[in-house]
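# Observations on the model geometry
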Amino acid sequence: MSSVCILSMDLTRYIQAARDAKEVGYQKYSDYSVGAVLVTTNGEVYKGSNIETATFDMCIHAERSAVDGALTQGISPEKFNLMVISTEDQNGEPPCGTCRQFLADFCSDEFSIYSDTGDIENPAEYSLGEIFPHAFRPEL
Ligand code: THU
Ligand code: ZN
């Protein structure tokens, strides 16, 4: 994986941050919480949580919320290093298809995504290209 210098100690901290993000947000309708953190190459952490409304198609996914948080704080996508997510199930679930396409705009195929398995020492690990090959990235 291409992540810059990730120590297992740091990864544990990021997983905990994703778990913390899962405790907030607004999951009134599904009661299914997702937390995500976008980690920069400097080790800064931007959290995101899923947020639901009564019009279900307007749900904000935790992964996109984390990217949104980083971008609105002025972080350049070039500084995006990795993402960690923690779902309600903690069974190593990767991001959904729409989040994968969203991430593909900012992150390369080598971008690492870790997902909480419940064992904080052993998250599932994916690369974006592995779970979303042939991404739509036109030169516009
Ligand atoms: N959810 C996410 O936050 N990220 C995903 O990629 C998958 C789904 C949220 C949306 C909704 O609030 C809840 O999980 C159940 O689908
Ligand atoms: Zn999603």
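Look a little higher up for the structure.
Residues numbered from 1 in each chain as written. Chains lettered and ligands numbered in written order. Predicted model: local features only at pLDDT ≥ 70, side-chain atom pairs only at ≥ 80, totals over all residues. Heavy atoms only, no water.

Here the zinc ion (ligand 2) is held by the protein donor atoms His61 (ND1), Cys96 (SG) and Cys99 (SG), which lie 2.0 to 2.2 Å from it. For the zinc ion (ligand 2), the four donor atoms in the first shell make angles of 99 to 122° at the metal, a pattern classed as tetrahedral. Relative accessible area serves as the criterion here: at 0%, Cys99 is assigned to the buried category. (Donors = N, O, S within 2.8 Å, 3.2 Å for Na, K, Ca; no water. Tetrahedral: all angles 85-135°; square planar, octahedral: opposite > 155°, others 65-115°. Buried < 20%, exposed > 50% of the residue type's maximum accessible area, 1.4 Å probe, protein only.)

Looking at the largest pocket, its volume works out to about 230 Å³. When residues of the lining of the largest pocket are traced back to their parent elements, those giving at least two are helix H2 (62-72) and strand S3 (80-87). Residue classes in the lining of the largest pocket are distributed as 10 nonpolar, three polar and three charged. (1 Å grid on protein atoms, 1.4 Å probe; cavity = no way out; pocket = protein on both sides within 12 Å on 5 of 7 lines; lining within 4 Å. Points joined across faces, edges and corners; volume = space filled by probe spheres on them. Helix = DSSP H or I, 4+ residues; strand = E, 2+ residues; numbered from the N terminus. Nonpolar A, V, L, I, M, F, W, Y, C, P; charged D, E, K, R; others polar.)

To continue, consider the site of ligand 1. Every residue near ligand 1 is listed here: Ser30, Tyr32, Val34, Asn50, Glu52, His61, Ala62, Glu63, Pro95, Cys96 and Cys99. Taking His61, its side chain carries an N or O atom lying 3.4 Å from a nitrogen atom of ligand 1. At a separation of 2.8 Å, a nitrogen atom of ligand 1 approaches a polar side-chain atom of Glu63. Tallied by class, the residues present in the shell around ligand 1 amount to six nonpolar, three polar and two charged. (Near = heavy atom within 4 Å. Polar contact = N/O pair within 3.5 Å; in protein donor to acceptor, adjacent residues only side chain to side chain.)

Quick look at the packing of aromatic side chains now. Taken as a whole, this structure holds three aromatic pairs when the rule is applied. Linked through ring pairs, Phe80, Phe102 and Phe106 together constitute an aromatic cluster. (Phe/Tyr/Trp six-rings, centres within 6.5 Å; stacked < 30°, edge-to-face > 60°.)

Close approach of charged atoms allows side chains with opposite charge to pair. By the definition in use, this model includes three salt bridges. For the salt bridge of Arg13 with Asp10, the shortest nitrogen-to-oxygen distance reads 3.8 Å. Of this pair, Arg13 and Asp10 both sit in helix H1 (residues 8-22), three residues apart, which is roughly one turn of that helix. Judged by its relative accessible area of 16%, Asp10 falls in the buried class. The shortest N-O distance in the salt bridge between Asp116 and Arg19 comes to 2.7 Å. With Asp116 in the loop between strand S4 (112-115) and strand S5 (124-127) and Arg19 in helix H1, the pair connects residues that are 97 residues apart, well separated along the chain. Across the pair, Arg19 and Asp116 agree in class, each one buried. (Salt bridge = Lys/Arg side-chain N within 4 Å of Asp/Glu carboxyl O.)

Tracing the backbone shows Arg137 in the segment after helix H4 (128-131). Sequence-distant contacts of Arg137, that is, excluding residues within four places in its chain, are made with Ala104, Cys107, Ser108, Asp109 and Leu128. Within the local environment of Arg137, its side chain forms a polar contact with the side chain of Asp109, the two groups lying 3.1 Å apart. (Contact = heavy atoms within 4.5 Å.)

For the rest of this paragraph, the subject is the nonpolar core. Counting residues in hydrophobic clusters, the biggest one holds 23 residues, and the most contacted among them are Leu38, Phe80, Met83, Leu103, Phe111, Ile113 and Leu128. Counting residues per element, the ones that place at least two in this core are strand S1 (34-40), H2, S3, helix H3 (97-104), S5 and H4. Of the residues forming this core, the biggest block, four residues, is contributed by H2. If near-sequence neighbours (up to four positions away) are discounted, Met83 is found in contact with Val37, Leu38, Glu63, Ala66, Val67, Leu103, Phe111, Ser112, Ile113 and Tyr114. Ranked by size, the runner-up nonpolar core spans 10 residues in total, among them Ala17, Ala18, Val39 and Val84. (Core = buried A, V, L, I, M, F, W, Y, C linked by side-chain atoms within 4.5 Å.)

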